[in-house]
Each structure stands twice: as C-alpha cells, then as structure tokens.
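# A closer look at the structure
The chain contents come next:
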Amino acid sequence: MQASHTLWEYAEYTSRVRKYAKRLPVSEAVEKAITECINKGILKEFLERNRAEAKNVSIYEYDQDKHIRQEREAAWEKGKKEGLAEGERAGEIKKMKDLIQKKLAKQKSPAAIAAELEENESVILQLIDELEHSDLAK
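Below is a summary of the structure that appears in this document. (Residues numbered from 1 in each chain as written. Predicted model: local features only at pLDDT ≥ 70, side-chain atom pairs only at ≥ 80, totals over all residues. Heavy atoms only, no water.)

## Details of the overall build of the protein
Heads up, the condition is: A helix here means a DSSP run of H or I that spans at least four residues, while a strand means a run of E at least two residues long, and both kinds are numbered starting from the N terminus. Computation of the radius of gyration draws on C-alpha atoms, with the globule rule given as 2.2 Å multiplied by the number of residues to the power 0.38.
Helix and strand content of the protein: 6 helices and 0 strands. Ordering the α and β elements of the protein from the N terminus gives α-α-α-α-α-α. Computed over the C-alpha atoms, the radius of gyration of the protein is 31 Å, more than 25% above the 14 Å expected from 2.2 N^0.38 for a compact globule of 138 residues. Considered along the principal axes of its C-alpha atoms, the protein spans approximately 90 × 35 × 20 Å.

## Things to note about the nonpolar core
The condition that has to hold: Side-chain atoms within 4.5 Å are what join buried Ala, Val, Leu, Ile, Met, Phe, Trp, Tyr and Cys residues into a set we call a nonpolar core. When accessible area is computed with a 1.4 Å probe and restricted to protein chains, residues below 20% of their type maximum are described as buried, those above 50% as exposed, and intermediate ones as partly exposed. By the convention used here, residues are in contact when the closest approach between their heavy atoms is within 4.5 Å.
Judged by nonpolar contacts, the single largest core of 16 residues is most densely connected at Tyr-13, Val-17, Val-30, Ile-34 and Leu-47. At the level of elements, α1 (2-21), α2 (26-40) and α4 (51-105) are the ones that each hand at least two residues to this core. If near-sequence neighbours (up to four positions away) are discounted, Val-17 is found in contact with Ala-29, Val-30, Ala-33 and Tyr-62.

## Some thoughts on the environment of Lys-95
Looking at where Lys-95 falls in the secondary structure, it is placed in helix α4. For Lys-95, a relative accessible area of 58% gives the class exposed. When the C-alpha positions of Lys-95 and Ser-122 are compared, they lie 17 Å apart, and in sequence the two are 27 residues distant.

Given below as structure tokens:
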C-alpha cells in the first residue's frame, strides 16, 4: 500500500512539472512543482532532503522526454516526405510505363520511345522488361 501511495505522489509531482513547463522554463517549473509538493505534503520528506538532486534529475528527465518526442516527430516527418516522394516516383514510373505500352502498340522501337520520352534507352528497356514480366504474371 505504501509503494502505491508513493507512486501516486511521484505521478502527482511529475504531472505538476509538466503542467508548469507548458508556461515556464523547465527549471522554474520544476522548482515550482517541488515547492508546491512540499507544501502539500507530496513526497515532502524526500524532496526536502534531496531538493537539488531531485531538481537536477527532473530537469534532465523532462528535457530527455522532450528530446525523444522531438526526435520522433522529426523521424515521422522525414518518413512522410520520403513516402510521398516514393509514391510520386511510383506514379511517374506508372505513367511512363503506360506511355511505353502505347508506343510499343504503335510498333515504335525502344530507341524511338527513349527519344520521344527524353529518357535513356537503358531505362526504357528496363521498363519494357518489367512490363513484359508483369504481363507474364497475369
């Protein structure tokens, strides 16, 4: 039961730090939360004995949490951009394959198709190969 109460007190303390950090610098938010918790009897003895250490650890942990969140957000944005670029490229390739199919149906050579689409002939040959393999799979 005591451990459960201590966990509640710690959760209450961290909640106050987060609340104050929304409008104050982290060090001020931590100091305000420590003072308020001591006054309300939350982790009172521990915070009175270990105030400086608790403050330093809280600032570090809060900054670390914030850093991790920022890293996740940055990674998400990067992945989103990469996914959009990949989708865009896939759309371009599909469009090019459709054009190649139309030109092949008109009996155009790979060299002529490459010239008309302003693309390297090796790229056109690779796409023709992919089209032939996808037709075989059907």
